[in-house]
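# Results of the structural survey
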Amino acid sequence: MYSKEIQKKLKDLGVEIGDSVRVKRGDQVYEGILMPKEELGDSNAIVVKLSNGYAIGIKFEGAELEKLSGHRQIGFKSSDEKIKHIAGKPLISIISTGGTVASRVDYTTGGVQASYNASDLVSIVPELGSFNINSKFLFSMMSEDMTAEHWKEMAKAVYKELKTDTSGIIVTHGTDTMHFSTAALSFMLKDLNKPVVFTGSQRSSDRGSSDSFINMICSANFASKSDVAEVSLVMHGSSNDDFCYAHRGTKVRKLHTSKRDAFKSVNDEPLAKIFPDGKIEMTNCNYRKRCDGEVSLDDKLEEKVALIKTYPGMDPGIFDFYIGKKFKGFVIEGTGLGHVPTTIEGRSVIPKIREATKAGIPVCITSQCLFGRVHDFVYANLRKEFEAGAMFCGDMLPEVAYVKLMHVLAHSKDLEEIRKMMLTNIAGELNERTPVFEL
Amino acid sequence: MKCGIEIHQRLATEKKLFCGCSAQPSEDKPIATVERMQRAVAGELGDVDLAALHEYSRGRKYRYQIFPQTTCLVELDEEPPHSMNGEALEIAVEVCLLLNSKVVDEVEVMRKTVIDGSNTSGFQRTSIIGLGGFIETSKGRVGIEAICLEEESSGIVGEKAGEITYRLDRLGIPLVEIATSPDIKDAKHAREVAEKLGMILRATGKVQRGIGTIRQDINISVPEGARVEVKGAQELGLIETIVDKEVRRQEKLVKIKGELEKRFGKKRFEKPAVVEVTEIFKNSASKLLRKECLLAMKLTNFAGLLGEELYENRRLGTELSDYAVAKAGVGGIIHSDEKLEKYPISGEEVGRLREKIGAGAHDAFVLVAGDRKTCMRALEAVCERVLQAFEGPQNEVRKVLPDGGTSYMRPMPGSARLYPETDVPPIEISRKWVEGIKLPEMPEERKARLLKILNEELAEKIMLSENYPLFEKVVGELKVEAKFVATTLEETLVSLRREGVPVEKLNENKLMELFIEYKCGKFVKAAIPEILRRVSKNTGESISSAVEKLKLEKMGEAELRKIVEEKKKAGVSSKTLIQEIMREHRLRVDAEELSKVI
Ligand SMILES: [Zn+2]
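### Focus: the overall build of chain B
The helix and strand tally for chain B stands at 18 helices and 24 strands. Radius of gyration (C-alpha) of chain B: 31 Å, far over the 25 Å computed for a compact globule of 598 residues. Each of the three principal axes of chain B carries a C-alpha extent, and together these read 105 × 60 × 50 Å. With 598 residues in all, chain B has 55% of them scored as buried. For chain B, the computed accessible surface area is about 26700 Å², with 50% contributed by carbon and sulfur atoms. Between the centroid of the 97 positive side chains of chain B and the centroid of its 99 negative side chains there is a distance of 3 Å.

### Considering the interface of chain B and chain A
Each side of the interface is counted separately: chain B has 44 residues, and chain A has 48 residues. The contact between chain B and chain A buries some 3800 Å² in all, and 52% of this surface belongs to carbon and sulfur atoms. Taken together, chain B and chain A are joined by nine salt bridges. Note that B:D77 is salt-bridged to A:R260, the shortest N-O span being 2.9 Å. Taken together, chain B and chain A are joined by 23 residue pairs in polar contact (both at pLDDT 80 or more). Counting only elements with at least two residues in the side of chain B that touches chain A, the list comes to β2 (32-37), β6 (110-113), β7 (123-131), β9 (140-151) and β23 (418-420) of chain B.

### Some words on the coordination of the zinc ion
All names here are of chain B. Protein coordination at the zinc ion comes from C19 (SG), C21 (SG), C72 (SG), E75 (OE) and E75 (OE), with a distance range of 2.2 to 2.5 Å. Positions of the donor residues of the zinc ion along the chain correspond to the pattern C-x1-C-x50-C-x2-E. Taken together, the residues span a long stretch of sequence, with C19 in the loop between β1 (2-10) and β2 and E75 in the loop between β3 (61-66) and α2 (86-98) at a distance of 56 residues. The same class applies to C19 as to E75, namely buried.

### What to know about the confidence of the model for chain B
Averaged over chain B, the pLDDT score is 90; the fraction of residues at 70 or greater is 96%. Among the prediction metrics, the complex's ipTM stands at 0.91, with pTM recorded as 0.86.

### Digging into helix α6 (residues 347-357) of chain B
Residue and element names in this part refer to chain B. Among the residues of α6, E349, V350, L353 and I357 are the ones counted as buried. Across the axial projection of α6, the buried residues extend over an arc of 100°, all falling on one side. Set apart from the buried face of α6 by more than 90 degrees, the exposed residues are G347, E348 and E355. Along its buried surface, α6 packs onto β15 (274-276), β16 (293-299) and β20 (364-370).

### Points about the domain arrangement of chain A
Many analyses report the size of an interface as the accessible area lost when the parts associate. Residue and element names in this part refer to chain A. Segmenting chain A into domains produces domain 1 (4-69), domain 2 (91-297) and domain 3 (305-422). One C-alpha centre belongs to domain 2, the other to domain 3; they are set 31 Å apart. Facing 16 residues of domain 2, the contacting portion of domain 3 comprises 13 residues. Summing both sides of the interface, domain 2 and domain 3 together bury roughly 1300 Å²; the carbon and sulfur share of this comes to 71%. At the junction of domain 2 with domain 3, the criterion picks out two salt bridges. Residue R253 is joined to E399 by a salt bridge in which the shortest nitrogen-to-oxygen separation is 2.7 Å. Taken together, the elements giving at least two residues each to the side of domain 2 that touches domain 3 come down to α3 (148-162), α4 (178-188) and β15 (252-254). Considering each element in turn, the side of domain 2 that touches domain 3 owes the most residues, five residues, to α4. Tallied by class, the residues present in the side of domain 2 that touches domain 3 amount to nine nonpolar, four polar and three charged.

### Here we look at the pattern of salt bridges
Once their charged atoms are close, side chains differing in charge can pair, the charge on each being opposite to the other. Tallying each qualifying case throughout the model produces 92 salt bridges over all chains. Between A:R22 and A:E31 there is a salt bridge, with the nearest N and O atoms lying 2.8 Å from each other. Assessed through its relative accessible area of 40%, A:E31 is described here as partly exposed. A salt bridge links B:E319 to B:R385, with the shortest nitrogen-to-oxygen separation between them at 3.3 Å. Taken together, the residues span a long stretch of sequence, with B:E319 in helix α5 (residues 316-328) and B:R385 in helix α7 (residues 372-389) at a distance of 66 residues.

### Topic: unusual backbone geometry
All names here are of chain B. Put simply, Y343 and P344 share a cis peptide bond, and its omega is -5°. Tracing the chain through its elements places P344 in the loop between β19 (334-335) and α6. Even without being a glycine, N100 presents a positive backbone phi close to 60°. Tracing the chain through its elements places N100 in the loop between α2 and β4 (102-103). Under the relative-accessibility criterion, N100 is labelled partly exposed at 41%. Of note, K479 is a non-glycine position whose phi angle comes to about 55°, a positive value. Here K479 is to be found in the loop between α11 (468-478) and α12 (482-499).

### Some details on the sheet that holds strand β4 (residues 55-59) of chain A
Taken in spatial order, the seven strands line up as β5(A)-β1(A)-β2(A)-β3(A)-β4(A)-β5(B)-β24(B) in an open sheet, and their pairing is antiparallel. Across the chains shown, the open sheet's two edge strands, defined by having one partner strand only, are β5 (63-71) of chain A together with β24 (427-428) of chain B. Here strand β3 (residues 45-50) of chain A runs beside β4(A); their pairing, made up of five bridges, is antiparallel. Note that in β4(A) the partner of A:A45 across the bridge is A:K59. Across the face of the sheet, helix α1 (residues 4-13) of chain A comes into contact with β2 (28-34), β3 and β5 of chain A while running at roughly 50° to β5(A).

### Topic: the nonpolar core
Judged by nonpolar contacts, the single largest core of 121 residues is most densely connected at B:L149 and B:F471. The next biggest cluster of nonpolar side chains, apart from the first, holds 54 residues, and it includes A:F139, A:L233, A:M391 and A:A427.

### Here's the deal with the domain arrangement of chain B
Domains assigned within chain B are domain 1 (2-240), domain 2 (270-389), domain 3 (443-550) and domain 4 (557-597). Each of domain 2 of chain B and domain 4 of chain B was reduced to a C-alpha centroid, and the two centroids are 82 Å apart.

### A look at the pairing of strand β12 (residues 196-199) of chain A
Residues and elements named next belong to chain A. Alternating residues of β12 divide into V196 and F198 and V197 and T199, and every residue in both groups is buried. Strand direction decides the pairing type here: strand β10 (residues 168-172) and β12, joined by four bridges, are parallel. Considered in β12, the bridge of I170 is made with V197. Two strands pair when backbone bridges link them, and β12 and strand β13 (residues 231-236) are joined in this way by three bridges, in the parallel orientation. By the bridge assignment, V197 is partnered in β13 with S232. The parallel pair β12 and β13 is bridged by helix α5 (residues 212-225), and the resulting crossover is left-handed.

### Examining the pairing of strand β12 (residues 174-180) of chain B
Residue and element names in this part refer to chain B. Most of β12 sits inside the fold, with seven of its seven residues counted as buried. By the bridge criterion, five bridges tie β1 to β12 in an arrangement that is antiparallel. Paired with H8 across the two strands is E177, which belongs to β12. Strand direction decides the pairing type here: β9 and β12, joined by seven bridges, are antiparallel. If you follow C148 over to β12, its bridge partner there is E177.

What counts and how
Residues numbered from 1 in each chain as written. Chains lettered and ligands numbered in written order. Predicted model: local features only at pLDDT ≥ 70, side-chain atom pairs only at ≥ 80, totals over all residues. Heavy atoms only, no water. Helix = DSSP H or I, 4+ residues; strand = E, 2+ residues; numbered from the N terminus. Rg over C-alpha atoms; globule rule 2.2 N^0.38 Å. Buried < 20%, exposed > 50% of the residue type's maximum accessible area, 1.4 Å probe, protein only. Areas by Shrake-Rupley, 256 points an atom, 1.4 Å probe, with all protein chains shown as cover. Lys, Arg positive; Asp, Glu negative; His and termini not counted. Charge placed at Lys NZ, Arg CZ, Asp CG, Glu CD. Contact = heavy atoms within 4.5 Å. Buried area = accessible area lost by both parts, 1.4 Å probe. Salt bridge = Lys/Arg side-chain N within 4 Å of Asp/Glu carboxyl O. Polar contact = N/O pair within 3.5 Å; in protein donor to acceptor, adjacent residues only side chain to side chain. Donors = N, O, S within 2.8 Å, 3.2 Å for Na, K, Ca; no water. pLDDT = per-residue confidence, 0-100. Arc of directions from axis to C-beta. Domains from an automatic or database assignment. Nonpolar A, V, L, I, M, F, W, Y, C, P; charged D, E, K, R; others polar. Pairing = 2+ DSSP bridges. Axes fitted to C-alpha atoms, helices over the stretch in contact; angles between N-to-C directions. Core = buried A, V, L, I, M, F, W, Y, C linked by side-chain atoms within 4.5 Å. Right-handed = clockwise from strand over helix to strand, strands pointing away.

The following block contains the structure:
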């Protein structure tokens, strides 16, 4: 943002962002378009985009500003054009919730905006032109800001689309918490009959090298052609632009901050390999098939669940904090096979597990190793944890256990029933066997 | 004529512009590759950039080579850029000051769309550091328009069907770009300006040396001509030729336009029909023509024009061919103004061809061979270029050929190519910091000063040499005689390198050690090549140990006296005494000292 002083001066001169201006400072004269100032940089320097396309910052102090004729529309204007559906093309639904996949850039400011109407989408990814598209704008959220409320709205929107004659649904999403959302929808959409595919991008689509094009194309193909009636996540399968993986929504995690292939299947094989030319190669034969059955929506969630990571030197008092705030359930991200600090008095988490369990608050154990399963017996300390009442969640990912516990607590208050539900597979989140090789 | 140049110079920083990788391109073999696609994206105002679209239409895949020390996730476009390298920024500001350019108050990093695949991201990061400025030349002042700091692109390794391979070691090395105003008067002047800018850059002592570290682009237009950017001149010696040939090319194209106006008057040139002529050449003596498909096109009223020479070895026909090559990927085209015997094509075949496409004596024709789709695209490109002949020269980017001629590369990019790089925050430039930057001596001043202690030849060699800072240190701090230091650094080392001695392994410290030991009287000047030969191959060894191992210690006065006495006893005349001793002990005896002893 520009400083108050600059803002006032601009107002007095009737100059708006996007206007052509002349700036004189000393013996230097600059002409160009007045640019907005983002949150970074010197708020006392005005930014002007010169006729050669470059922008420069000019200190405002001692500068003279003059408005010239000419104004550039700043910000991207979405197309009003409606695309008619053409018989014979497969129908897909695209629900946009945010993120930079299929986004447009405002080439004046560099700002990126999500697109959501069908003609915008096709203008960005022309390959989508071979589909009939129902596009829905749900919200434009940074994925780190999402809450259980957003998952519910997403689930409702997807449920509504599932009731149409669409062949599959794509949900565009910011990447950071996409795997929480896929887990949430996996539990909330019962008896799925069509593919529900989440996708996003690690590089925004203003650049020719964006992963977003291939992610969108592969998602569209997977949503329309595959017979996988599950919630899946489709993103780049490698650092090359060669194929995408479809990961099961409950067995996937973002494992890199920035790479194209940041998402990996954990403790499960990916469902399929999808190539940009439309070819789909199944890599996992264990999945729910497309069917004519009725899908149902079960969007109740208990939000007072905490995900707690244990680490050397942690203060067990954190549990008291949450219990004091009337939390109804805990998921612990333990170390190794699911350990928590056990033997040193005052540092041990075991009494907290016992207290919580006695109070009817379930304590679920997962591992911060992510890969592999937890175990309640192989070490004495694990046995103590188990005896205190902890529920060991097999090979379930911590984030998935967190979402599942929210779902389970919304359906039962009985600790034994909760234990049974947590340890029974609902949506592919629990596997009996661990694959030998990671794909 | 209007002419300006753009100089691109790699900076000798430790690290790259936006990541922690080494800025020294690697000599190693690649350890892996990644494969990527790139596509044209909408530009400013929603239009896809023309230049970008052109590259996209060629539908390529890109393979990028990864090197251990010079590639990280930033080069792979798998991690956002780090903040801008301060060392590079300081050098760029220094260049601005040397060229009288005004440094901006805040640097805004931009993305410049590049879609030939040479940047993994699809854009090059670039920013204006200085605006305005000038240099003085023999033909008056030449203005500077802008000085930018940007990322070097990847180096091309090779190209095969639909796939280009690039190496990532070069990508992201800091590059200073200096663009002059179109103030250059003629071809010779262009060379002078390029030379002068190169000297000023080297005067900073902070630029990379060697092949490919500096490149010139030349913008040329003649009256009634067009703006043409000639890319990638690496040799200064070629600049005059490039300018000269491009001026002639444009002037000739203006003449051809005039000729076409005369021939056509008010008639319009109709887009010619494409005719299949495969049958005519079914039994051709030319292997080139025995292809799946041969297509031909009549160019009404063009007889003789395709053969018009623009400059040596370039005709209008060559320009048509360039288009077909660049846009359709064919090897070339055949046209009626060529010596058709060379293919060979017989007179009878030409007759049948002309008959089939209805080409009379005033008409020219163009013929292409290959698969049908490629041939169609090639003729479309030819047709596009033919229509342009009616308008004269076109705004375009051309690439330099080895003989200083040029060939068509792509259309001139529109202004849609730049938009803000939102991953890098703007950088405030403090006036105080700029004022505190110590500027190097300018070439003229340095030369004048050196001429007091060196002859002209040595002064010119050392003044812009990479070894200049070491020269200053040795002469200034050790007080070693300047001529000797310059000779050692600029002549002895060079002749050793020619012999194949790996002198590039000798760093500044090692050479400093050499001069220190010399100053202490450990050895004589004549011993230096021997010593350097040894330590180049074994840089771990100290200079003094090398001298001892080689038994090259300078002879002490006592030893010298003893030899003189012996020689005298043996009856050597005092006339030949010095000569004889020097002949036998040249590497260990200082002639001056010897004459003192005698
Ligand atoms: Zn790097």
